[in-house]
Amino acid sequence: MKKTVRIFWRIFGVGFILFIALVLMANFGVFGKMPSLSELENPSILQASEVYAEDGTLMGKYYTERGNRSNVKYSDISTHVIDALVATEDERFHQHSGIDFKSTLRAILTLGSQGGGSTITQQLAKALLAQGSKNRATRVIEKLKEWIIAVKLEKNFTKEEIITLYLNVVPFGNNIYGIRNAARSFFQKEPDRLNVEEAALLVGMLKGNSIYNPTHNPKAALDRRNIVIGQMEVNGKIKPTEAAKFKATPIKLNYKKLDENTGYAPYFREVLKSELREALKGLKNPNGDDYSIYNDGLKVYTTINIQMQEIAEEGMAQHMLLLQKGINARSDFKNGSIWKGREKFLEKAAKESDRWKNLEEDGLSDKEIRASFDVKVPMKVFVWNSKREKDTTLTPMDSIKYHLQMEQAGFMAMDPVTGEVRAWVGGIDFKTYKNDHVNLNTKRQVGSTIKPFLYTQAMEERGFTPETEWENVAQFFPGSGWVPSGRKCGGGSMSMANALAFSKNCATAYIMKQVGPQQFSDFLSRISIPTKVKPYPSIALGTCDLSIYEMLWGYTIFAGRGFSTRPYSISRIEDRNGNVIKRFDYSVNRKEAISEVTAYTMARMMQGTVDKGTARGMRSRVGAAEMGGKTGTTDDNADAWFIGYTPQLLAGSWVGFEYQFMRNQGDGSRIARPITEYFFRKVLANKKLGIEKDAKFVKPAEMENEINSADIIISDSDPNPGAEGNDQGVGNEQDYYNDYDSPDTLGPESKPLPVEEDNKLPKKDTTKTITKSTAIKNEDPSIKPIGSATEEPEKKKGLLKRLLKKKND
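Please read all numbers here as calculations on a predicted model, not as lab measurements.

Draft legend 1. Layout of the overall build of the protein. Per the secondary structure count, the protein includes 29 helices and 20 strands. Taking all 809 residues of the protein together, the buried fraction comes to 53%. At a minimum sequence separation of 6, the contacts of the protein that also span at least 24 residues come to 70%. When the accessible surface of the protein is totalled, it reaches about 36700 Å², and 51% of it is carbon and sulfur.

Draft legend 2. Highlighting helix α10 (residues 218-234). Given a rise of 1.5 Å per residue, 17 residues ought to cover 24 Å, and the 24 Å separating the end C-alpha atoms of α10 matches this to within 8%. Among the residues of α10, those classed as buried are A221, R224, R225, N226, V228, I229, G230 and M232. At its buried positions, α10 is contacted by α3 (79-89), α9 (196-204) and α11 (240-247). In the segment just after α10, G236 is the residue with positive phi, at about 75°.

Draft legend 3. Expanded view of the side chain of Q309. Tracing the backbone through its elements, the reader meets Q309 in helix α13 (residues 306-328). Among the polar contacts listed, one links the side chain of Q309 to the backbone nitrogen of W424, at a separation of 2.8 Å. For Q309, the residues in contact, after removing those within four places along its chain, are A265, I304, R422, A423, W424 and V425.

Draft legend 4. Molecular detail of unusual backbone geometry. Residues V483 and P484 are joined by a peptide bond in cis, for which omega reads -5°. Following the sequence through the fold, P484 ends up in the loop between β11 (481-483) and β12 (493-495). Even without being glycine, N174 reaches a positive phi, approximately 55°. Within the secondary structure layout, N174 lies in the loop between α7 (159-169) and α8 (179-187).

Draft legend 5. Layout of the sheet that holds strand β3 (residues 299-302). Taken in spatial order, the five strands of this open sheet run β2-β1-β3-β15-β16, and their pairing is mixed. In the strand order of this sheet, the two ends are held by β2 (58-62) and β16 (580-583), each with one partner. Neighbour-to-neighbour, the strand axes of the sheet open up by a mean angle of 20°, direction not taken into account. Pairing of strand β1 (residues 49-52) with β3, which is carried by three bridges, proceeds in the parallel orientation. By the bridge assignment for β3, Y52 is matched with Y301.

Draft legend 6. Examining the pairing of β16 more closely. In this structure, strand β15 (residues 570-574) lies alongside β16, joined through three bridges in antiparallel fashion. Following the sheet pairing, I573 is matched in β16 by K582. Linking β15 to β16, which pair antiparallel, is a turn of five residues; within it G578 sits at a positive phi near 90°.

Draft legend 7. Up close: the sheet that holds strand β19 (residues 639-646). If you trace the five strands from one edge of the open sheet to the other, you get β7-β6-β20-β19-β18, paired in antiparallel fashion. Pairing within the sheet leaves two strands with one partner each, and these edge strands are β7 (421-425) and β18 (628-633). Each neighbouring strand pair of the sheet contributes to a mean axis angle of 5°, computed without reference to strand direction. One ladder, built from seven bridges, connects strand β6 (residues 408-414) with strand β20 (residues 649-656); its direction is antiparallel. Looking at the pairing, A409 lines up with V655 of β20.

Draft legend 8. Focus on the pattern of salt bridges. Applying the stated criterion to the full structure yields 30 salt bridges. As a salt-bridge pair, D374 and R370 come within 3.2 Å of each other at their nearest N and O atoms. Take D374: its relative accessible area is 49%, and that puts it in the partly exposed class. Judged by its relative accessible area of 22%, R370 falls in the partly exposed class. Taking the shortest distance from any N to any O, the salt bridge between E389 and K380 comes out at 4.0 Å.

Draft legend 9. Focus on α7. Burial analysis of α7 places nine of its eleven residues in the buried class, which makes it a mostly covered element. Turning to α7, its buried residues are K159, I162, I163, T164, L165, Y166, L167, N168 and V169.

Draft legend 10. Looking closely at the packing of aromatic side chains. Inspection of the entire model under this criterion finds 25 aromatic pairs. Ring geometry for F186 and Y255: centres 5.1 Å apart, planes at 55°, overall tilted. Here F186, found in helix α8, pairs with Y255, found in the loop between α11 and α12 (266-280); they are 69 residues apart in sequence, far enough to count as distant. For F186, a relative accessible area of 0% gives the class buried. Exposure remark for Y255: the relative accessible area of 32% places this residue in the partly exposed category. Over the aromatic face of Y212 sits the side chain of R224, whose NZ or CZ is 5.8 Å from the ring centroid.

Draft legend 11. Representation of the packing of α9 against α10 in the model. Relative orientation of the contacting elements α9 and α10 amounts to 110°, with a least axis distance of 8 Å. If you check the angle between α9 and α10, you find them roughly perpendicular. The handedness of the crossing between α9 and α10 is right-handed. In contact with V196, E197, A200, L201, V203 and G204 of α9, α10 contributes A221, R224, R225, V228, I229 and M232. Partitioning the contact of α9 with α10 into residue classes produces eight nonpolar, one polar and three charged.

So, how was this worked out
Residues numbered from 1 in each chain as written. Predicted model: local features only at pLDDT ≥ 70, side-chain atom pairs only at ≥ 80, totals over all residues. Heavy atoms only, no water. Helix = DSSP H or I, 4+ residues; strand = E, 2+ residues; numbered from the N terminus. Buried < 20%, exposed > 50% of the residue type's maximum accessible area, 1.4 Å probe, protein only. Contact = heavy atoms within 4.5 Å. Areas by Shrake-Rupley, 256 points an atom, 1.4 Å probe, with all protein chains shown as cover. Expected span 1.5 Å × (residues − 1). Polar contact = N/O pair within 3.5 Å; in protein donor to acceptor, adjacent residues only side chain to side chain. Pairing = 2+ DSSP bridges. Axes fitted to C-alpha atoms, helices over the stretch in contact; angles between N-to-C directions. Salt bridge = Lys/Arg side-chain N within 4 Å of Asp/Glu carboxyl O. Phe/Tyr/Trp six-rings, centres within 6.5 Å; stacked < 30°, edge-to-face > 60°. Lys NZ or Arg CZ within 6 Å of the ring centre and 35° of its normal. Parallel < 35°, antiparallel > 145°, perpendicular 65-115°, else oblique. Left-handed = near helix turned anticlockwise from the far one by under 90°. Nonpolar A, V, L, I, M, F, W, Y, C, P; charged D, E, K, R; others polar.

So, in structure tokens, the structure goes:
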């Protein structure tokens, strides 16, 4: 044997031995940990958690940068995708055992000019190992590891399982992973619905998801798609005539990436994160670790009704667009005088902006950063159009003013009996405004929406009835002052039902005098209002700050037959394999707060608001047989509220600005009610939603044949004008603490009326009995009010006793 031949075989032998040694060393983890057999059989791939509506509609996902993927079964992938993938990436996929030596040798000899040598299985191994070093020496080791894993994958998985796993992990650019996310993002369809052209486009992107991304490089993407179609033709997957037809078809995208700013109910999904974390406390994933909402592929099924959610968002958008047109026409907004003397708010907003923080990280001084806020730059701003944005050029400071001058809103709807949240709209645009105005932690002055709670307590504990009458005059609370602070009252007497329907502040102050501030504060806690409300007399008019979430929670006692029901939004949580790891039962969120008789009577009495009162005609416009509701307005129209309900649905809206000094252009009926009214009208008109127009509040058994809605008499018009509709305002808690120490802090229409020198009310006849009832007989002298502005009148027999009396009495 020639010397050169012997040298060749020696080199070959040594090289082969070194190669085997490298393979063995790699297999045993010398060059880094290798996944075990059990890990290969159950690969742990970062997977996004998905949030679903009650009907199974995908609402959105939680994921990390590399975790934006959703797994799919082989049977749920279009055959066109499988054919395109095998024809383009690995023609001998069904023949090899993980490594295609023919393709590998070709890739080495041609230096990759005629294609790479990696099989689909090797590419999957690379994805599982998360490798991709640019260092050649390191890449050789990585390649050996990929070969080892590829062989193991072929031994432990079927070809179908390998393709499925591969298509679930591959990247498609734009932080989109997996065929399911790609199909949803680029075409708004599930992967089993992809046609040949769509499948070829997505498979073509695997060669270079940036170069061949149709959103960035449509020409390159088209050319690459046609190459894939050509490969499908060569491999007999489609006919030549079909291939020619498909190649001539232009790319048709319907691109919409599902991220935190898109999808259904983005405000709700953000709040849901904390609720989800709380629900998962103490639960462990199969690895023994705490569940991650970003990486463990959980499926979260919520109570949100997609159609109701869409109606809510649509109603808010339509109404807020109209309101904003009026706001933009205001002279103080147009000339910027709204900010005169309030520059500190703008400076605060500037320092809290991302722009300021980014420039700060770049090393600029505060002075340099502030100067940059007065230089015009190109930017996108929020506008009321289909895209909710437009390109413009503004200074960053002008941008802050512009965005703060946008009126905000919040809306929530729920089942008042079960507590299931049906719709949640936390603001006008989640991408621009992250502050959620429904959230438990976002509180605003509630105004007159709190009055039904006080009337309920008076009925429940003080024997008041809808017909109980008293004078509509301001009340003096020793040590605190007059309520209301401005003492604007229409005078005269009125029934409890009329006082609530027309939202009378002075009449309500009288009820507070009978109930007591501390007792009312305790009652709010009793009906499960989470915020501890301080016992100022003025809370009767809604000077306290509460959230929409809390107010709707409180209002469940009316349609909920006396039960306070906490709103909840998760029905069950499943792991990535579909196993239920937690279910939720609404019954644990319910507790009895008031009697069923009081709840029913209040529900019927509150119909006065939506029939003849401050929300006059709403019930007939939405088409409800029975309905209750209440408007709310605060000083200077800073906050506008409306909460309404039918026996099956409870909903509420708030409208205002981030800063209260900017004020609305009307009261709760004009500013907030239209959002809730639109919602009820649309929902009640849609029979598929199951909310019945003819539904009526359940009458307690002891009230059968004893009372009808007609028994609660409401005036056809405001008997004493001068309450909520005229923006009387409510002041604030401190306004009533020192009896006019600082009257200038009140709104212009809430300042005290001129009084006589002895600091008493303007002279009037106060000899009338303040409380009277012409509708009730059989007075009960044992029931007395706990105080009044003048003489102490007698109260009437308890409501339940009255209702139980025989008709012939």
